[in-house]
Amino acid sequence: MGASRSPPVNDRLFIAALHLLPKNAWSRCIGAVAHARLPRLLTSPSVRWFARRYDVNVSEAELPLSDYRSVGEFFTRRLKLGARNIDRRPGFAVSPADGRVLNSGEIVDGRIIQAKGRDFSVAQLLKDEEAAERFFGGHWITVYLSPRDYHRVHHPVEGTIRYAHHIPGYLWPVNQAAVDNVDELFAVNERVVTYVDSPIGEVATVMVGATSVGHITMAYDEDLETNRGVDKGVRHFADPIRVARGDELGTFHLGSTSVVLFATPKVRLADRKEGEPITMGEAITLKTTG
C-alpha cells in the first residue's frame, strides 16, 4: 500500500533506543508510580501540573481536581454526566473514544493502513485467521488518544458481546514516530479485542496498549487486565452481556489507541480526515440500511 519513506534521524534514534528498553516492565513501573496514592499535599500539585502540562479540559471531570488522589486516578477520570452526547440514531456507530482520527478506510485484501507506506493484516491484529476473514471487505477506523484525552473507551454500537480476546505483546509507544517506523505496530503491541453482534453486523473494538500504559481494564470483565504477565486468551461468557451504544467498554491506564472494525461491507464510514479531532459518541459511520 505505497512505498515506505526514510524516517527522520531523530525518529530512528528514538526507535533504536526503545529496542534496548524493557518496555513491558517499564510500563508496569510507570503505572505503579502514576497510581501511587500520596499525601494530598503532594498529589494535588502533581495533578494540577499534569492538567496544565497537557491542557486537559478539567471542567468536564466528574470530580474537582483536589479529590483525585493520584495522577493515575485523574488520568482515568470519568466525565460529568452529560459531558458527551451519544448519537443514538438507528443504524449508526459512534467513536469509542476521545482523540484524533489516525486513519480509516476499507479493509482491502485483509489489510489495513498503519501509516503512509505501512500496513498490516487484520489476521495479525486479531491473532485469529477465522475471525479476520469475517471482516474482509469491511471497514476500519483508528482513533489515537493523547495524554490530554479522556481515557475511558466506550462501545461504538449496541448489541451483545460475543467474546473477548486478550493478546499479549510488546508495549511500543503509539506516537507518530512509532506509527511511522515500527512495523505492524498495532499487531505486535499487547491488546484486547471485544467482539459485539450488533444491528449493523459484527463489530470488533481493539484496545491497543502502549509504553507507559500500566494496564488496560475491561468494564464487562473485572478479571481481564493486561500487562500483568498473565495470558487471559479467549474469553467466552456463559450469560449474554448486552451493551448499549456508549456504554463503558474499558479503560487505558495511561494513553493509547483504539481500532474499530466493521465486518459488514454495507457499513460505510463517515468522512473523517486524518488528524481530525473526534469525541466519544460522535458518529463514525453513515446510516446503515438493508
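Summary of the structure given here. (Residues numbered from 1 in each chain as written. Predicted model: local features only at pLDDT ≥ 70, side-chain atom pairs only at ≥ 80, totals over all residues. Heavy atoms only, no water.)

Examining the packing of aromatic side chains
Each aromatic ring pair is specified by the distance between its two centres and by the angle formed by the two planes. Under the defined criterion, the tally for this structure stands at 8 aromatic pairs. Aromatic side chains Phe50 and Phe74 sit 6.2 Å apart centroid to centroid with 80° between the ring planes, which places their arrangement in the edge-to-face category. Of this pair, Phe50 sits in helix H3 (residues 40-53) while Phe74 sits in helix H4 (residues 71-75); the two residues are 24 residues apart in sequence, bridging distant segments of the chain. Consider the rings of Tyr163 and Tyr195, whose centres lie 4.3 Å apart with planes at 25°: the pair is stacked. With Tyr163 in strand E6 (residues 159-167) and Tyr195 in strand E7 (residues 191-198), the pair connects residues that are 32 residues apart, well separated along the chain. Judged by relative accessible area, Tyr163 falls into the buried class, the value being 8%. (Phe/Tyr/Trp six-rings, centres within 6.5 Å; stacked < 30°, edge-to-face > 60°. Helix = DSSP H or I, 4+ residues; strand = E, 2+ residues; numbered from the N terminus. Buried < 20%, exposed > 50% of the residue type's maximum accessible area, 1.4 Å probe, protein only.)

A closer look at H3
Between the first and last C-alpha of H3 there are 19 Å, a value that for 14 residues agrees with the 20 Å anticipated at 1.5 Å per step. Restricting attention to buried positions, one finds in H3 the residues Thr43, Ser44, Val47, Phe50 and Ala51. Looking straight down H3, one finds that the buried residues subtend no more than 130° of arc, so they occupy a single side. The exposed set on the far side of H3, more than 90 degrees from its buried face, consists of Leu41 and Arg52. Contacts made by the buried residues of H3 are with H4. Looking one or two residues past H3, Asp55 carries a phi angle of roughly 55°, positive in sign. (Expected span 1.5 Å × (residues − 1). Arc of directions from axis to C-beta. Contact = heavy atoms within 4.5 Å.)

Overview of the pattern of salt bridges
If you walk through the whole model with that rule in mind, you get 16 salt bridges. One salt bridge in this structure joins Glu202 and Arg162, with 3.2 Å as the shortest N-O distance. On the criterion of sequence distance, the pair formed by Glu202 in strand E8 (residues 201-208) and Arg162 in strand E6 is long-range, its members being 40 residues apart. The exposure class of Glu202 is buried, given its relative accessible area of 9%. Taking the relative accessible area as the measure of exposure, Arg162 reaches 34% and is therefore partly exposed. Several salt bridges share partner residues, and in doing so they unite Arg134, Arg162, Asp197 and Glu202 into one network. (Salt bridge = Lys/Arg side-chain N within 4 Å of Asp/Glu carboxyl O.)

Let's talk about a nonpolar patch on the surface
There is a patch of nonpolar side chains on the surface, built from Leu38, Leu41 and Leu42 and spanning about 320 Å² of accessible area. Take Leu42: it is sitting in helix H3. For Leu42, a relative accessible area of 49% corresponds to the partly exposed category. (Patch = residues over 30% accessible without salt bridge, like charges linked within 9 Å, V, L, I, M, F, W, Y side chains within 5 Å. Areas by Shrake-Rupley, 256 points an atom, 1.4 Å probe, with all protein chains shown as cover.)

Thoughts on unusual backbone geometry
The bulk of non-glycine residues show a negative phi, and the bulk of peptide bonds are trans. In the Ramachandran plot, Asp109 falls in the positive-phi region, its phi being about 55° despite a non-glycine side chain. Mapping Asp109 onto the fold places it in the loop between strand E1 (99-106) and strand E2 (111-115). Given a relative accessible area of 74%, Asp109 falls into the exposed group.

Comments concerning the pairing of E8
Along E8, 8 of the 8 residues are buried, which leaves the element largely enclosed by surrounding structure. The pairing of E7 with E8 spans 8 bridges and is antiparallel. Across the sheet, Ser198 pairs through a bridge with Gly201, a residue of E8. The turn joining E7 and E8, which pair antiparallel and follow one another in sequence, is formed by 2 residues. One ladder, built from 6 bridges, connects E8 with strand E13 (residues 257-262); its direction is antiparallel. Residue Ala204 lies in a different strand from E13, and its bridge partner there is Leu261. (Pairing = 2+ DSSP bridges.)

Description of the environment of Thr205
Counting through the fold element by element, Thr205 comes out in strand E8. For Thr205, a relative accessible area of 2% gives the class buried. C-alpha of Thr205 to C-alpha of Val260: the two residues are 55 residues apart in sequence and 4.5 Å apart in space.

Brief notes about the sheet that holds E1
In space, the 8 strands of this open sheet follow the order E11-E6-E7-E8-E13-E4-E1-E14, with antiparallel pairing throughout. Each end of this open sheet is capped by a strand with a single partner; those strands are strand E11 (233-243) and strand E14 (277-278). In this structure, E1 lies alongside strand E4 (residues 139-144), joined through 6 bridges in antiparallel fashion. By the bridge assignment for E4, Asn103 is matched with Thr142.

Brief notes about the sheet that holds strand E12 (residues 248-252)
Taken in spatial order, the 4 strands of this open sheet run E5-E12-E9-E10, and their pairing is antiparallel. Each end of this open sheet is capped by a strand with a single partner; those strands are strand E5 (152-154) and strand E10 (221-225). Taking each pair of neighbouring strands and ignoring which way they run, the sheet shows an average axis angle of 25°. Two elements, strand E9 (residues 216-218) and E12, share 3 bridges in a ladder whose sense is antiparallel. Bridge assignment links Ile216 to a residue of E12, and that residue is Phe252. (Axes fitted to C-alpha atoms, helices over the stretch in contact; angles between N-to-C directions.)

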